[in-house]
Amino acid sequence: MQQTDITTAEKTYLEPLREECRRLFEGTPLPSHDHLHHERVWKNASMLLQRLYDAGILHDLRMPVKAIIAAFFHDTGLTLNSGPDHGRESRSLCNSFIQKTGISQGDIDEILDAVERHDDKVYAAESDPASLAAIISVADDMDAFGEEGIERYREIYSVRGVTDDAMPALVISNVRSRFRHLESTYRMFPDLVEEQKKRVETVTDYFTNKIK
């Protein structure tokens, strides 16, 4: 059990990351993806970290630090680019912050790669459940499920110019793809999969009812 490493990462980084993320979103009215979204993603990531440590799947004791930084920067690029390719801007913003931390270059590269690629929902290959990329991607996906996910999809798709008529089919396809990735990556946690499946159904049921 590595709860102490997760707690230490929070004590060191939570407040400065929260404040930096809030500052970046000050001029961007995007409640579905603002600093509160980033904080929820960190909570999801810390839960996954704990499960992975307890299961003996994860052994990297630096992972909580890498995960909390990646979680709080993954969508900051939306303040500059509202498109699905905003990961590049997120990477740049994260790089400006992370250079002041004293973190090793190898860990920096891992964090920046996870931040930039978090919104790649093609899932071309099976993910390593203990990788930072998988942890951040799935932690972000989980925030697209449930009631919060409905509002998140409605806002970001509207910002991207998706019409009301086109939105339901796109959302249903996207949320199911996210869930399949979670299911395949963390199938060793069937209770988590089942819990998230119900939250996915909340989203799909809502948008199915919107199809005329």
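Residues numbered from 1 in each chain as written. Predicted model: local features only at pLDDT ≥ 70, side-chain atom pairs only at ≥ 80, totals over all residues. Heavy atoms only, no water.

A. Representation of the overall build of the chain. Regarding its fold elements, the chain presents nine helices and zero strands. Beginning at the N terminus, the succession of helices and strands in the chain can be written as α-α-α-α-α-α-α-α-α. Relative to a compact globule of 212 residues, whose C-alpha radius of gyration would be 17 Å, the chain shows 17 Å and is just as compact. Overall size of the chain, expressed as C-alpha extent along the three principal axes, is 55 × 40 × 30 Å. Considering the chain as a whole, with its 212 residues, one finds that 52% of them fall into the buried category. Sequence-distant contacts, at least 24 apart, represent 71% of the contacts inside the chain between residues at least 6 apart. Carbon and sulfur atoms form 50% of the exposed surface of the chain, whose accessible area is close to 10000 Å². With 26 positive and 37 negative side-chain charges, the chain shows a spacing of 2 Å between the two charge centroids. (Helix = DSSP H or I, 4+ residues; strand = E, 2+ residues; numbered from the N terminus. Rg over C-alpha atoms; globule rule 2.2 N^0.38 Å. Buried < 20%, exposed > 50% of the residue type's maximum accessible area, 1.4 Å probe, protein only. Contact = heavy atoms within 4.5 Å. Areas by Shrake-Rupley, 256 points an atom, 1.4 Å probe, with all protein chains shown as cover. Lys, Arg positive; Asp, Glu negative; His and termini not counted. Charge placed at Lys NZ, Arg CZ, Asp CG, Glu CD.)

B. Here's a closer look at the packing of helix α2 (residues 35-54) against helix α3 (residues 63-73). At their nearest, the axes of α2 and α3 sit 8 Å apart, and the two run at 155 degrees to each other. Classed by the angle they form, the pair α2 and α3 counts as roughly antiparallel. When the axes of α2 and α3 are compared, the crossing they make is right-handed. Residue-level contacts link His 35, His 38, Glu 39, Val 41, Trp 42, Leu 49 and Tyr 53 of α2 to Met 63, Pro 64, Ala 67, Ile 68, Ala 71, Phe 72 and Phe 73 of α3. (Axes fitted to C-alpha atoms, helices over the stretch in contact; angles between N-to-C directions. Parallel < 35°, antiparallel > 145°, perpendicular 65-115°, else oblique. Left-handed = near helix turned anticlockwise from the far one by under 90°.)

C. Structural view of the side chain of His 37. With respect to the helices, strands and loops of the structure, His 37 is situated in helix α2. For His 37, the side chain forms a polar contact with the side chain of Asp 75, separated by 3.0 Å. Contacts of His 37, omitting those with residues within four sequence positions, involve Ser 32, His 74, Asp 75, Asp 140, Asp 143 and Arg 152. (Polar contact = N/O pair within 3.5 Å; in protein donor to acceptor, adjacent residues only side chain to side chain.)

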